[in-house]
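Descriptive analysis of the structure
Below, each chain spelled out in residue letters.
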Amino acid sequence: MFQPHADRIAKPLLAAAALVCAAVLVLIIAVIISGAWPALISQDLVVFITDASWYPLEGQFGMLSMLLASLLVMMIAILLAAPMGIICAIFIAYIAPVRVQKIYRFAIALLAGMPSVVLGLWGLTVLVPLVNKWSPPGLSLLLAGIVLAVMILPTVALTSLAAFKSLPIALQQAASALGVRQHVQILKVFIPAASAAILSGMLLAMARALGETMVVLMVAGNVVQFPSGLMEPVRTLTANIALEMAYATDQHRAALFVSGLLLTAMVLVMMSFAARIKGHNDYG
Amino acid sequence: MISPDKGFTIGQLTEAKACCEPTPHLSVQNLSINYHQKTVLDNVNLDIYKGCITALIGPSGCGKTSFLSALNRMLDMTTGATVSGQVTFNGENIYKSDKDLLQLRRRVGMIFQKPNPFPLSIYRNLALPLKEIGIKNKQLIEHKIETVLKEVGLWEEVHHQLDMTATKLSGGQQQRLCIARALVLQPEVLLMDEPCSALDPISSAVVEDLIVSLRGRYTVVIVTHNLAQAKRVANYAAFFWMQERVGKLIEFGRSQNLFEQPQNTLTAAFIDGRKG
Amino acid sequence: MAEHLFQFVIWCVALLVLMVLLWLVYGLLDHGLAKLSFEFLLSEPQNAGRDGGIISILVATLLILAVTLLAALPLGLASAVWLAEFTATHHFWARKVRLALDVMAGVPSIVFGLFGYAFFGIFMGMGFSVLSGGLTLACMILPVFIRTCEIGLRGVNNSWRQGAAALGMPKIKAVWYILLPAAMPAISAGLILGIGRATAETAALMFTSGYVDRMPESVMDSGRALSVHIYDLSMNVTGGDAAAQASALLLLMIIIVLNMLAYAVTDLWLGRRLSNDLA
Amino acid sequence: MKLTLSFICLMCLSGLTQADNRLNLTGSSTVAPVVMEIAKRFESVNPGVRVDVQTGGSTRGVVDSRTGMADIGMVSRALKTNESDLTAHTIARDGVSIIVHGSNDIMELSEAEIIAIYIGKITNWSEVGGEDRRITVVNKADGRATLELFLAHFSLKNSQIKAQAVIGDNQQGIKTVSGNPGAIGYVSIGAAEYEQSVGTSIKLLPMNGVAANMQTLANGEFPISRPLNLVTKSLTPLSQQFIEFAQSPAVADLIKAQYFVPASR
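None of the values given here were measured: they were computed from a predicted structure.

Our focus in this paragraph is the domain arrangement of chain D. Residues and elements named next belong to chain D. With domains assigned, chain D is organised as domain 1 (2–93 + 227–262) and domain 2 (94–218). One C-alpha centre belongs to domain 1, the other to domain 2, and the line joining them spans 31 Å. Each side of the interface is counted separately: domain 1 has 10 residues, and domain 2 has 12 residues. Between domain 1 and domain 2, the buried area comes to about 820 Å², and carbon and sulfur atoms account for 64% of it.

Residues and elements named next belong to chain D. In the structure shown here, the tally under the stated rule is 36 salt bridges over all chains. With its nearest N and O atoms 2.9 Å apart, the salt bridge here joins Arg41 to Asp253. Taken as a pair, Arg41 in helix 2 (residues 32–45) and Asp253 in helix 10 (residues 252–257) lie far apart in primary sequence, 212 residues in all. Overall, the relative accessible area of 42% leaves Asp253 in the partly exposed class. Residue Lys233 is joined to Asp85 by a salt bridge in which the shortest nitrogen-to-oxygen separation is 3.8 Å. Placement of Lys233 in the loop between strand 9 (225–232) and helix 9 (237–247) and of Asp85 in the loop between strand 3 (72–75) and strand 4 (87–101) is noted, with a sequence separation of 148 residues between them. On the basis of relative accessible area, Asp85 is assigned to the partly exposed category, the value being 33%.

What follows concerns the confidence of the model for chain D. Residues and elements named next belong to chain D. Of all residues in chain D, 92% have pLDDT values of 70 or greater, and the mean over the chain is 86. Taken element by element, chain D is modelled with least confidence in helix 1 (residues 2–15), mean pLDDT 46, and with most confidence in strand 3, mean pLDDT 94. Note on residues 1–19: pLDDT under 50 across the span, and 19 contacts to partners over four residues away in sequence or across chains. The ipTM value of the predicted complex is 0.80, and its pTM value is 0.83.

All right, on to the interface of chain D and chain C then. Listed by partner, the interface residues are 38 residues for chain D and 38 residues for chain C. Note on chain D versus chain C: buried area summed over both sides is about 3,100 Å², and carbon and sulfur give 57% of it. At the junction of chain D with chain C, the criterion picks out 18 residue pairs in polar contact (both at pLDDT 80 or more). Counting only elements with at least two residues in the side of chain D that touches chain C, the list comes to helix 1, strand 1 (22–27), helix 2, strand 2 (50–55), helix 3 (58–67), helix 6 (170–178) and helix 7 (189–197) of chain D. Residue contributions to the side of chain D that touches chain C peak at seven residues, all from helix 1 of chain D. Considered class by class, the residues forming the side of chain D that touches chain C number 15 nonpolar, 12 polar and 11 charged.

Residues and elements named next belong to chain D. Restricting attention to buried positions, one finds in helix 5 (residues 145–154) the residues Ala145, Thr146, Leu147, Phe150, Leu151 and Phe154. Buried residues in helix 5 make contact with strand 4, helix 4 (111–118), strand 5 (136–140), strand 7 (183–188) and strand 9. Trailing helix 5 by a residue or two, Ser155 shows a phi angle of about 50 degrees, which is positive.

Our next topic: the nonpolar core. With 327 residues, the main nonpolar core has Leu149 of chain B together with Phe150 and Ile184 of chain D as its most contacted residues. Residues within four places of Leu149 of chain B in sequence aside, it is in contact with Leu126, Leu154, Trp155, Val158, Leu162, Leu177 and Ala180 of chain B. If you look at the next biggest cluster of nonpolar residues, it comprises 35 residues, including Leu75, Ala81, Val221 and Val223 of chain B.

Turning our attention to the interface of chain A and chain C. Between chain A and chain C, the contact holds 87 residues from the first and 87 residues from the second. At the junction of chain A and chain C, the tally comes to zero salt bridges. Viewed at the interface, chain C and chain A are joined by 10 residue pairs in polar contact (both at pLDDT 80 or more). Its residues placed into classes, the side of chain A that touches chain C shows 64 nonpolar, 16 polar and seven charged.

Rules used throughout
Residues numbered from 1 in each chain as written. Chains lettered and ligands numbered in written order. Predicted model: local features only at pLDDT ≥ 70, side-chain atom pairs only at ≥ 80, totals over all residues. Heavy atoms only, no water. Domains from an automatic or database assignment. Contact = heavy atoms within 4.5 Å. Buried area = accessible area lost by both parts, 1.4 Å probe. Salt bridge = Lys/Arg side-chain N within 4 Å of Asp/Glu carboxyl O. Helix = DSSP H or I, 4+ residues; strand = E, 2+ residues; numbered from the N terminus. Buried < 20%, exposed > 50% of the residue type's maximum accessible area, 1.4 Å probe, protein only. pLDDT = per-residue confidence, 0-100. Polar contact = N/O pair within 3.5 Å; in protein donor to acceptor, adjacent residues only side chain to side chain. Nonpolar A, V, L, I, M, F, W, Y, C, P; charged D, E, K, R; others polar. Core = buried A, V, L, I, M, F, W, Y, C linked by side-chain atoms within 4.5 Å.

Structure (structure tokens):
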């Protein structure tokens, strides 16, 4: 088909940029696999699932509990962050007075830039002692989820805000013209209209929560176990890597790379799954 | 105002002397349009005459707008739409594979139902297309902008605030700006998709007068639901209708004839308001 | 009634989030403000960072960020434009790219660190350097930046696309002059998230830009980022807490300045062409 | 984009001009801060020399010194049997002490009690004479040198330990214990002693009657300690010079300032 000259030059360049970005993932996976290789060839792969627990130096490589912990922490975080993040976006987009809007958006940006070390330290030195008073040890699944929620909230809020802002002005005019009250407009018109973009933002936030290391490392307690309650300490796959990578050798190190691989695979499955739920298949 | 019955001289299109001596400018042969296998418009044959205003009328969903956007291949932007047949413009089929779409669309401009000025200043709205065709001279640009703004009757209203954002204009002003934006490229044909339907009656009348004033200087194809308007402005009219869920061209002719002595019973029924 | 309840809930949540932020900031002010001074800002770190200041670390951080933005901004915008404007949603490669990006968003930062170390550091021969750290961070912030920009572009009023096409403008020109400016809120959101993530990142930088707290002389020198400094001081250096909190406070200030800068620059670049009621 | 590329190329080229009198050290995050300070002093007495210190863990130190990525590796433990291709040069010692929360009225725990607590036989402080409070056992992550030291001293296996919290770095351990009145953990003596002196709510317990402090560690009385090593595969004159400098009394003050005990020569 015909394409204008400028586009004929631009299109392959743009496509190349996109493919370069995607190629980074391939490289990352290659790096992880090459790190995991010693474990992948010497171990029966099922041991990573079937072993009861994780004592790599004693030949036990069970990761199932950590996998579950990663998922649970992420679920708690997104369950808290999604509604609050969307509400923050609604606040900025429709509710707050103009001056407050700017300041509030700024506050969210500030939260987005809060180093995870600082968040983790806040959790460890402020929140954990608080929780510890009524449910020792305080380091727990729930707390990790809560601190993570604070961390990913800006992602949800800013992507949702962007989605609201890019809705056609006509939509707002139309809704107002119908004399619909504001909260009905927002709940029944704007949120549905922006839902695809909000969902994408939530997926990004979930991915971020799953990949976060420092916060969980400090507040989740890092005990390898199947949690029996929200107040139990757990270890996630990311914390596992961060805790042990520095000192691990040989098979231990390779097993840690396997947990990285598992994590990446999990995100992949999650994203494909989410695409199905979203209905219009974004990446098939 | 010039009455459609009187002959009149042509401005830019010097070859055609008057509207009453029709020369085909766009020639449509066996044009069919499908969306995802489903035919929406079937086998249309029609000539659009140079310097004249041709109105496309008919009920909603009978393929008028699709037909209109097939004439400058804007339909290409709609996913799933396929076109068969030919549209000849200046002796060349616009559907041949190596057709330069940019050139085509610069020659065949389009005005949309909802005014769509870019969210830029009035000046930049008009300067941007000019810069695209390689006009860099600031004075020339300013001259051309002044000319088209006068042509659409906006100059008096906006000349002191050209750097104002165009989206702050009223609906009618926005639509006239869009027409000016199309005219600034000096096209031969203007396609208009219900240009007045999103406007209030007063703005609508102003835009209608503007359209009438274009007659003779540009070839205009206008989709309208307003039969009175079609009658007022058009030299020629084409009536589309749905038959077995497929859009068809039922009747085409001088608008006076079509409105006063329709040949087809469907046309007659539609014009009388008995159908549609 | 429902209207009031709705407003009430929203104000409450908004205040709650603000309070959490203030709580965090208060903690930093409480512990770090005493240490923060011009002298702290302008002198080199001593005694593993407990004493002295952080000037060299500040410079390294800004250099890393500059590399990150220089790489991520053009690459990210180009990819977003390709995804949003030049491919159909169901385009095979576009789908793969999108999937890859979303998966990349979930890759733990420590894995990015290992990747950067192996690829930029060893394979590309950049060693421990500001460059290698900046590029690693660029890879890391690309997913969220691209996807946010793509969402923004897709949200842009389709009638402008049509208007531009009807004037015979090439797509890329329409993107440049009209669609990108119109997508500005999303792009700035992506930028803010990206800057936030980049300045806050620790694990990925430990392995790439490194630990050396000397003043970097070029982007090929190793340089310690502020976040790495904070991590080291608070987790590894006994008695480093005060300096860590002061550094964290400073990091927040840098983020404030960077955000204002981002607003200002985008305003200069795009905002002039953009109507006020859109921004 | 072109701009970025050319910028990158330019920077790559400028990086190729590296001097010969440059030392690269990588490895243990425990050793890195102290070596960094030593390196700065080394640079100041040997103008023109540059010493770059990178962290990333003891394993990195071993791997990088093997592959030549680093001239010298930093390892916060004794070398293992399968690492005999490397030579260790001890520059300092670090002790590991049991710590509890500052409000805990326990003054001493026997080795048997410590073992019972760590394997989950004792779960309440009242069982060892303290107040009625659940014990929070803080353990270190697998592979960490302090964990290995601890396990070896008490002849335990990591899988026997029933922990309520697992931590990585020293400071995380101290912060975890100081925030939890029922906690017990083990951390580097120097760090713990310092934190106690600035009012952090922790308490160091004596081991076998030997008080846990820098003095008992320095004179060799304290039972649990580990060496902080610089490891090399082969010695260049410059790295030899650096190692000798790091072991000399000229840097003893730097080592003490990081709360470690200089290696006696």
